[in-house]
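So you can see what is in the structure, the chains are spelled out below.
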Amino acid sequence: MSTIYHSVSLSEVLLKLREKGFTFDFNQNKEDIILHPENYTIQHIFHYEGNSNPKDETNVYGIVSKYGLKGVFITGTASNSSDSNANIISKLAIKKKNSSSL
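Model, not experiment: these values are computed from the prediction.

Conventions we followed
- Residues numbered from 1 in each chain as written.
- Predicted model: local features only at pLDDT ≥ 70, side-chain atom pairs only at ≥ 80, totals over all residues.
- Heavy atoms only, no water.
- Pairing = 2+ DSSP bridges.
- Helix = DSSP H or I, 4+ residues; strand = E, 2+ residues; numbered from the N terminus.
- Core = buried A, V, L, I, M, F, W, Y, C linked by side-chain atoms within 4.5 Å.
- Buried < 20%, exposed > 50% of the residue type's maximum accessible area, 1.4 Å probe, protein only.

1. Details of the pairing of strand 5 (residues 70-76)
The side chains of a regular strand alternate between both faces of the sheet.
Okay, step 1: Inspection of the sheet shows strand 2 (residues 24-25) paired to strand 5 by two bridges, in the parallel sense. Across the sheet, residue phenylalanine 24 finds its bridge partner in strand 5, namely glycine 71.
Okay, step 2: With seven bridges connecting them, strand 4 (residues 57-65) and strand 5 associate as antiparallel partners. Bridge assignment links valine 60 to a residue of strand 5, and that residue is isoleucine 74.
Okay, step 3: Between strand 4 and strand 5, which follow one another and run antiparallel, lie four residues, and glycine 68 among them has a positive phi close to 95°.

Listed below in structure tokens is the structure:
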């Protein structure tokens, strides 16, 4: 599998994904992902690390449902994070992709 992991600023990530139609907020509407993770595929993974504290890490996922709904899902990745979102995202498939750019 080729990599689809990107490292850019958080605001740039959200802008680029929005330009590509990833406008739905899965963090605010995660019930269906929890109940039916098989209906969703991760198309993009971006990593953001805070400037002031390298432990402030965030992953932004560009997700597409099998019905065509495109949106973003954000998780904290700090080692001491108890972020339940990381558990949710771990159940989704990652789409194989030849290009690592948006």
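2. Digging into the nonpolar core
Okay, step 1: Formed by Phe26, Ile33, Tyr40, Ile42, Ile45, Tyr61, Ile63, Phe73, Ile88, Ile89 and Leu92, the largest nonpolar core amounts to eleven residues.
Okay, step 2: Mapped onto this core, the elements with two or more residues apiece are strand 3 (40-49), strand 4 and helix 3 (84-89).
Okay, step 3: With three residues, strand 3 is the largest single contributor of residues to this core.
Okay, step 4: Core analysis: the second largest hydrophobic core is formed by seven residues, Val13, Phe22, Phe46 and Val72 among them.

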